[in-house]
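Coordinates in review
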Amino acid sequence: MIGVFDSGVGGLTVLTQIRQRVPDAALLYVADQAYSPYGDLSEAQVFERSRLITQWLIGQGCAVIVIACNTATAIAIDQLRSLFSIPIVGVEPGVKPAALSSRTGKVAILATENTLASQRYRRLMAGFLPNVTVLNQACSGLADAIEFRPTEIPALLDKYTSAFEAEGVDQVVLGCTHYPLIIEELKRVLPAAINIVDTSDAIAQEVARRAAPLLLTKDAVTVSLRTTAKPQEMERMIKRYSSLAWLQGIPAASLNLGNPE
Ligand code: DGL
């Protein structure tokens, strides 16, 4: 079984790709909606939530863990890998593919403030293609709007992307797993010449590579959904986004993992 988690429904974009790439694996997904958005938590809180969820998923029999959240990966993956011995796959903004495809040499990264401020992200950027300029655009409130207040999405997208054309940006990287849920809205506000970089399929390929040798048990091929908030809320959000239609009808169950410090 593959365990996947995020602060909320964003990581379901990664789960969707994993389902395509590893159709014969059982999947167990945790949305930590009671503590969402992780972009607003302290680093210590994000780490503690990630540790609790990882421990729970391993206790349920997961052989591979996927942190389907850029913020939690940036803050917690190194420590989690030292605490737990099973493979842990994370996500990170696709800066490299964007930089390699850029013709203008200007690339914009959309991510949470916590991701952009993390040491891991700074390491990713260090020594990076000196001829490429990276615009780090923190999208405060955007994951939260996608999760709970969709009417705020258009104004936030406008605010965070309106300078890109004048700046000569030709690649926009989705550095938060919530953002692929609104890719159509994003395409509408961005000029057609700007390419959107989404690495969720690349992550799923990595999961398939890591998971294949570990999934030889005869688990039933089920998809199970857990949320730390109200299950009806999670089901309602799944209905809102068409790319998650395949998950409709799967009941979400609640999961109580206690409070972080
Ligand atoms: N989906 C998340 C990410 O990839 C979390 C966003 C948030 O909870 O603030 O960063």
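Anyway, here's the lowdown on the structure attached to this text. (Residues numbered from 1 in each chain as written. Predicted model: local features only at pLDDT ≥ 70, side-chain atom pairs only at ≥ 80, totals over all residues. Heavy atoms only, no water.)

An α-helical turn contains 3.6 residues, so a residue and the one three or four places further along point in the same direction. Given a rise of 1.5 Å per residue, 17 residues ought to cover 24 Å, and the 24 Å separating the end C-alpha atoms of helix α2 (residues 43-59) matches this to within 8%. Taken residue by residue, α2 has V46, F47, E48, R49, S50, L52, I53, T54, W56 and L57 as its buried positions. Residue G61 follows α2 closely and has a positive phi angle near 105°. (Helix = DSSP H or I, 4+ residues; strand = E, 2+ residues; numbered from the N terminus. Expected span 1.5 Å × (residues − 1). Buried < 20%, exposed > 50% of the residue type's maximum accessible area, 1.4 Å probe, protein only.)

Let's shift gears to the site of the ligand. Neighbouring the ligand are 13 residues; S7, Y38, N70, T71 and H178 lie closest to it. T71 places a polar side-chain atom, nitrogen or oxygen, 2.6 Å from an oxygen atom of the ligand. One of the side-chain N or O atoms of T177 is found 2.8 Å from a nitrogen atom in the ligand. In the complex, 99% of the free accessible area of the ligand, which totals 300 Å², lies under the protein chains. For the shell around the ligand, the residue count by class is 5 nonpolar, 7 polar and 1 charged. (Near = heavy atom within 4 Å. Polar contact = N/O pair within 3.5 Å; in protein donor to acceptor, adjacent residues only side chain to side chain. Areas by Shrake-Rupley, 256 points an atom, 1.4 Å probe, with all protein chains shown as cover. Nonpolar A, V, L, I, M, F, W, Y, C, P; charged D, E, K, R; others polar.)

Taken residue by residue, helix α12 (residues 231-240) has P231, M234, M237 and I238 as its buried positions. Buried positions in α12, seen along its axis, are confined to an arc of 125° and lie on one side of it. When the buried face of α12 is taken as reference, the exposed residues oriented beyond 90 degrees from it are Q232 and K239. (Arc of directions from axis to C-beta.)

On inspection of all chains with the given rule, the structure shows 13 salt bridges. Its salt-bridge partner being R236, residue E233 comes within 2.5 Å of it at the nearest N-O pair. Separated by 3 residues within a single helix, E233 and R236 lie in helix α12, roughly one turn from each other. Beyond isolated ion pairs, a larger network of salt bridges with shared partners links D78, E92, R120 and R123. (Salt bridge = Lys/Arg side-chain N within 4 Å of Asp/Glu carboxyl O.)

This part is about the packing of α2 against helix α3 (residues 70-83). Relative orientation of the contacting elements α2 and α3 amounts to 55°, with a least axis distance of 9 Å. Regarding the angle of α2 to α3, the classification is oblique. Once α2 is placed against α3, the crossing between them reads as right-handed. In this structure, α2 contributes E43, V46, F47, S50, R51 and T54 to the contact, and α3 contributes T71, A72, I75, A76, Q79, L80 and L83. A class-by-class count of the residues in the contact of α2 with α3 yields 7 nonpolar, 4 polar and 2 charged. (Axes fitted to C-alpha atoms, helices over the stretch in contact; angles between N-to-C directions. Parallel < 35°, antiparallel > 145°, perpendicular 65-115°, else oblique. Left-handed = near helix turned anticlockwise from the far one by under 90°. Contact = heavy atoms within 4.5 Å.)

Another aspect to go through is the side chain of E147. Take E147: it is sitting in helix α7 (residues 142-148). It turns out E147 is buried and unbridged, and the closest side chain with the opposite charge, R240, is 7.6 Å from it. A polar contact of 3.1 Å, which involves the side chain of E147, links it to the backbone nitrogen of V9. For E147, the contacting residues outside a window of four places in its chain are G8, V9, G10, Q33, S36, H178, M237 and R240. (Lys, Arg positive; Asp, Glu negative; His and termini not counted.)

Attention now moves to the packing of aromatic side chains. Scanning the entire structure with this criterion turns up 0 aromatic pairs. It is R49 that lies over the ring of Y35; its NZ or CZ is 3.7 Å from the centre. (Phe/Tyr/Trp six-rings, centres within 6.5 Å; stacked < 30°, edge-to-face > 60°. Lys NZ or Arg CZ within 6 Å of the ring centre and 35° of its normal.)

Viewed as axis vectors pointing N to C, helix α1 (residues 12-21) and helix α11 (residues 200-211) meet at an angle of 50°, and their least axial separation amounts to 8 Å. One finds that α1 runs oblique with respect to α11. Judged by the sense of rotation from one axis to the other, the crossing of α1 with α11 is right-handed. Contacts between α1 and α11 involve T13, V14, Q17, I18 and R21 from the former and S200, D201, I203, A204, Q205, V207 and A208 from the latter.

What follows concerns the sheet that holds strand β6 (residues 133-138). With parallel pairing, 4 strands are arranged side by side in an open sheet as β6-β5-β7-β8. Strands with a single pairing partner mark the edges of an open sheet, and in this sheet they are β6 and β8 (195-197). The average undirected angle you get between the axes of adjacent strands in this sheet is 25°. (Pairing = 2+ DSSP bridges.)

Within the open sheet, the 6 strands sit side by side as β4-β3-β1-β2-β9-β10. Their pairing is parallel. Edge strands, defined here as strands with exactly one partner in the open sheet, are β4 (88-89) and β10 (252-254). With 4 bridges joining them, strand β1 (residues 2-6) and strand β3 (residues 64-67) adopt parallel strand pairing. Residue pairing in the sheet places F5 in a bridge with I67 of β3.

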